[in-house]
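Chain by chain, the residues run as shown.
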Amino acid sequence: MAEAPLPAIRSLPSWLLGRAAARGRALVAEALATQGMKMWHHVVLSAVRDLAPVAQADLGRSVGLDPKDLVGVLNDLQSASLVRREPDPKDRRKNAVRLTPEGERMLQRCEEAARAANAELLAPLPAQERERFVEMLVRVSGTTGES
């Protein structure tokens, strides 16, 4: 079945951004899959590195993941020996999450894979345009864009 032309829709910046985002997510997901990881695994590993030791509930809030979904992601990561959950020294009723040395190595591989996927996404643009495009995306998205 052929797609309808819909030029009025397909020329909207919101439609174009959505298509670019979908392509970017697909490229990153494929790259992470080569490491045996999924997008949420990468997000959680990155947040744990940045926040550790972090209470499990705080981790979920920081990445915007439902607590029951976070438990599943953490179970996967712990089964793969990438994170440790242990009693939080500040509140023994809570679990604190930390990366293991293998988790740090996996995160580095995931970051490299994600960077390569993003380079592929932006490959049609010359380097100067890529930098400008990212700056504009940060402004349009309302985020800080900080790493």
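Residues numbered from 1 in each chain as written. Predicted model: local features only at pLDDT ≥ 70, side-chain atom pairs only at ≥ 80, totals over all residues. Heavy atoms only, no water.

(A) Representation of the overall build of the protein within the structure. In terms of regular secondary structure, the protein is built from 7 helices and 3 strands. The linear arrangement of helices and strands in the protein, starting from the amino end, is α-α-α-β-α-α-β-β-α-α. At 18 Å, the protein has a C-alpha radius of gyration far larger than the 15 Å of a compact globule built from 147 residues. For the protein, the spread of C-alpha atoms along the principal axes amounts to about 60 × 35 × 25 Å. The 147 residues of the protein split such that 29% are buried. Summarising the internal contacts of the protein: among those between residues at least 6 apart in sequence, 47% fall at separations of at least 24. For the protein, the computed accessible surface area is about 9,800 Å², with 56% contributed by carbon and sulfur atoms. (Helix = DSSP H or I, 4+ residues; strand = E, 2+ residues; numbered from the N terminus. Rg over C-alpha atoms; globule rule 2.2 N^0.38 Å. Buried < 20%, exposed > 50% of the residue type's maximum accessible area, 1.4 Å probe, protein only. Contact = heavy atoms within 4.5 Å. Areas by Shrake-Rupley, 256 points an atom, 1.4 Å probe, with all protein chains shown as cover.)

(B) Looking closely at helix H4 (residues 56-63). Inspection of H4 places Gln56, Leu59, Gly60 and Val63 among the buried residues, and these make up the whole buried set. All buried residues of H4 fall inside an arc of 95° around its axis, so they share one side. (Arc of directions from axis to C-beta.)

(C) Examining the sheet that holds strand S3 (residues 91-99) more closely. Judged by pairing direction, the sheet is antiparallel, and its 3 strands sit side by side in the order S1-S3-S2 without closing on themselves. Each of the sheet's edge strands pairs with one partner strand only, and the pair in question is strand S1 (54-55) and strand S2 (83-88). Sheet topology places S1 next to S3; 2 bridges connect them, and they run antiparallel. Opposite valine 54, over in S3, you have valine 97 as the bridge partner. Against the sheet, helix H3 (residues 39-51) makes contact with S1, S2 and S3, and its axis sits at roughly 110° relative to S3, the strand it touches most. (Pairing = 2+ DSSP bridges. Axes fitted to C-alpha atoms, helices over the stretch in contact; angles between N-to-C directions.)

(D) A look at the packing of H3 against helix H6 (residues 101-121). Taken N-terminus to C-terminus, the directions of H3 and H6 make an angle of 120°; their axes are 10 Å apart at the nearest point. Judged by the angle between their axes, H3 and H6 are oblique. Judged by the sense of rotation from one axis to the other, the crossing of H3 with H6 is left-handed. Residues His42, Leu45, Ser46 and Arg49 of H3 pack against Met106, Leu107, Cys110, Glu111 and Ala114 of H6. Considered class by class, the residues forming the contact of H3 with H6 number 5 nonpolar, 2 polar and 2 charged. (Parallel < 35°, antiparallel > 145°, perpendicular 65-115°, else oblique. Left-handed = near helix turned anticlockwise from the far one by under 90°. Nonpolar A, V, L, I, M, F, W, Y, C, P; charged D, E, K, R; others polar.)

(E) Layout of unusual backbone geometry. Note that the residue after alanine 52, namely proline 53, is joined by a cis bond; omega there is -10°. Examined against the element boundaries, proline 53 turns out to sit in the loop between H3 and S1.

(F) Quick peek at the environment of leucine 6. Considering the arrangement of structural elements, one finds leucine 6 in the segment before helix H1 (7-10). Residue classification places leucine 6 among the partly exposed residues on the basis of a relative accessible area of 43%.

(G) Representation of helix H5 (residues 67-79) within the structure. The first and last C-alpha atoms of H5 sit 18 Å apart over 13 residues, in line with the 18 Å expected at 1.5 Å per residue. Residues of H5 that are buried include every one of Leu70, Val73, Leu74 and Leu77, and no others. Buried residues in H5, looked at end-on, bunch into an arc of 100°, giving them a common side. For H5, exposure combined with an orientation more than 90 degrees from the buried face picks out Lys68 and Ser79. On the buried face of H5, the contacting elements are H3, H4, S2 and S3. For H5, the N-terminal capping position is held by aspartate 66, with its side-chain oxygen 3.0 Å away from the main-chain nitrogen of lysine 68. One or two positions beyond H5, positive phi appears at serine 81, with a value near 60°. (Expected span 1.5 Å × (residues − 1). Polar contact = N/O pair within 3.5 Å; in protein donor to acceptor, adjacent residues only side chain to side chain.)

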